[in-house]
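# Working through the structure, step by step
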Amino acid sequence: MASDTIHSRENKWLKAFRAALQGTGPDQGDPIGIEGRKAVEDALASGLKAQALLVSDAGERDLGHLLDVAGKSETGIPRSLIFRTTDKLFAGVSGTETPQGVAALFQQRLWGLEDALHGPPGRDGAFSGAAALIVVLTAIQDPGNVGTIVRSAEAFGATGAIATRGTADPWSPKALRASTGSALRLPILRRLAVPVVLAQLRISRVKIVAASAKAWSRADATALAECLRGPAAIFVGSEGGGLPAEVEHAADARMAIEMSESVESLNAAVAASIVLYEAAKLRCRK
C-alpha cells in the first residue's frame, strides 16, 4: 500500500515528477522520469534504481503488479517513496495526452566509453564479446528520431550509443517512449562535443564510419568492410544538416544508402536504421 497521498500540486514530489516527465532530459544527478505501467516495469527489469513511484486513482490497479516486479529486482521500491494522488493532479504532471496513472523516478546510470564499447551485460552478467559497434548521433534534434535510432541500435547489435551536444536527450520522455526501453538498457553517453568523441574513439582504436549522402563507390565498400571487422563507430547526422565536416574528414570509411534520385533525403531515424541493419549484415559476413 502507498505510504502517502498527495493533494497539492505544489507538493515537492509532484514538482519533481512534473520536471522529469515534461522536461527535455535530466541534468547530471537528476532522476529519469518514466511513465506508464510497461515502461516502469521495463525500467525495473533493466536494473535501474527507483527513487519514487506515483500512482493515481486510475493507476491503482497496477500498483500490486509493479510491487511484485520491484520485489524481484535488485533494488526494489522503498515503501516510504510510493505515493498516491488524484487523476487530476497526475494529469498535471504527466507528459502524455492519455495518462495511465503510473509514473516513477529512476536514478541515472553512469555510463562511460568502456561500457559503450563492451555493451550491456547479458542476463548471466557476461558480455557478448562482440566487437564494439557504437552509433553516434550528431545534431539530431527530434527526440522521437533519437529514441527510434537507439531502439534500432539495440535491435541490430550495437554495443552503445553517443548523443553529441546539440542532439535531443535520449533520456527525455519522448525519446524514451520512442526507444521502447532500449535507452534504459543500451549504454548511452550524452552531451559530448564531437571533437571530444572523435578523440576518445581514436585513443580506443575505434574506426570512424560516416553515414554519408555522398556517392557510394567500390573503394568505400572495401574500406567499410575493413572497418567493420573490428571496433567501429557509425556517425549519423540530421536529415537537413548531415554530418559535421570534422567527422567527414576524420572518417576511415563512408556508408551511403542507394535510393531513387527523386528522393533527396531520408528521415534521420529511417536512414540510421537502414545503416545499422546493413552494418549488422556486413559484420556477420566477416
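Heads up: these notes are all about the structure in this document. Here the residue index of a chain counts from 1 through its sequence in written order. This being a predicted model, a pLDDT of at least 70 is required before a residue's local features are given, and a value of 80 or more before pairs of side-chain atoms are given or counted; all residues contribute to the totals for chains, interfaces and linings. Computation of side-chain values: all heavy atoms of the structure, hydrogens and water removed.

### Details of empty space enclosed by the protein
This is how the line gets drawn: Here the term cavity refers to a set of points on a 1 Å grid, laid over the protein atoms alone, in which a 1.4 Å probe fits but cannot get out; the term pocket refers to an open set having protein on both sides within 12 Å along at least five of seven lines, with lining residues being those that place an atom within 4 Å of a point. Grid points are joined across faces, edges and corners, and a volume is the space filled by probe spheres set on the points. Gly is put with the polar residues, along with every residue not named as nonpolar or charged; the nonpolar set is Ala, Val, Leu, Ile, Met, Phe, Trp, Tyr, Cys and Pro, and the charged set is Asp, Glu, Lys and Arg.
Throughout the structure, instances matching the rule amount to one cavity of 30 Å³ or more. In this structure, the largest cavity is lined by Ile-32, Leu-48, Arg-109, Trp-111, Trp-171, Ala-183 and Leu-184. Partitioning the lining of the largest cavity into residue classes produces six nonpolar, no polar and one charged.

### Things to note about the sheet that holds strand S11 (residues 253-255)
The line we're drawing: Paired strands are those between which DSSP finds at least two bridges. Numbering of helices and strands starts at the N terminus; helices are DSSP runs of H or I of at least 4 residues and strands are runs of E of at least 2. Between N-to-C directions, angles span 0 to 180 degrees; the directions come from axes that are lines fitted to C-alpha atoms, helices contributing only their stretch in contact. Pairs of residues are marked as contacts when any of their non-hydrogen atoms sit within 4.5 Å.
Spatially, the six strands line up as an open sheet ordered S8-S7-S6-S10-S9-S11, and their pairing is parallel. Looking at which strands have only one partner, the edges of the open sheet turn out to be strand S8 (188-192) and S11. When strand polarity is set aside, the average angle formed by the axes of neighbouring strands in this sheet is 25°. One ladder, built from three bridges, connects strand S9 (residues 207-211) with S11; its direction is parallel. Bridge pairing in S11 places Val-209 opposite Ala-253. Seen against the sheet, helix H10 (residues 218-227) touches S9, strand S10 (232-236) and S11 and runs at an angle of roughly 105° to S11.

### What about unusual backbone geometry?
In plain terms, the rule: When a residue's accessible area, from a 1.4 Å probe over protein chains only, is under 20% of the maximum for its type it is buried; when over 50% it is exposed; and in between it is partly exposed.
With a phi close to 60°, Arg-191 is a non-glycine residue in the positive phi region. Examined against the element boundaries, Arg-191 turns out to sit in strand S8. Look at Arg-191 and you get partly exposed, because its relative accessible area is 37%. For Arg-205, which is not a glycine, the phi torsion comes out positive at approximately 60°. Relative to the helices and strands, Arg-205 is located in the loop between helix H9 (194-203) and S9. A residue is classified by how much of its surface remains accessible, and Arg-205, at 74% relative accessible area, is exposed.

### Brief notes about the nonpolar core
Test applied: The criterion is simple. A nonpolar core is a set of buried Ala, Val, Leu, Ile, Met, Phe, Trp, Tyr and Cys residues joined through side-chain atoms within 4.5 Å.
Counting 51 residues, the largest nonpolar core has Ile-34, Val-40, Leu-44, Leu-53, Phe-106, Val-135 and Ile-234 as the members making the most contacts within it. The leading source of residues in this core is helix H12 (residues 268-285), at six residues. Filtering out sequence-adjacent residues up to four positions away, Val-40 remains in contact with Ile-34, Leu-53, Leu-66, Val-102, Ala-103, Ala-104 and Phe-106. With 19 residues, the next largest nonpolar core counts Val-194, Leu-198, Leu-201 and Leu-243 among its residues.

### A short note on the environment of Arg-18
Mapped onto the elements of the fold, Arg-18 is located in helix H1 (residues 12-22). Judged by relative accessible area, Arg-18 falls into the buried class, the value being 18%. Between the C-alpha atom of Arg-18 and that of Val-93, which follows or precedes it by 75 residues, the distance is 4.2 Å. Once you skip the residues sitting within four places of it in the chain, Arg-18 turns out to touch Arg-9, Gly-23, Gly-92 and Val-93.

### Thoughts on H1
We apply this condition: N or O atoms within 3.5 Å of each other form a polar contact, as long as, within protein, one can give a hydrogen and the other can take it, and as long as residues adjacent in sequence are counted only when both atoms are side-chain atoms.
Along H1, the positions that sit buried rather than exposed are Leu-14, Phe-17, Arg-18, Ala-20 and Leu-21. At the N-terminal end of H1, a side-chain oxygen is found 2.7 Å from the backbone nitrogen of Trp-13, two or three residues along, and the residue is Asn-11.

### Quick look at the pairing of strand S5 (residues 102-106)
Summarising burial for S5: five of the five residues are buried, a large majority. Going residue by residue along S5, you find Val-102, Ala-104 and Phe-106 tucked away on one face and Ala-103 and Leu-105 tucked away on the opposite face as well. With four bridges connecting them, strand S2 (residues 32-35) and S5 associate as antiparallel partners. Bridging from a neighbouring strand, Gly-33 pairs with Leu-105 of S5. Direction of pairing for strand S3 (residues 50-55) relative to S5: antiparallel, over a ladder of five bridges. Paired with Val-55 across the strands is Val-102, a residue of S5.

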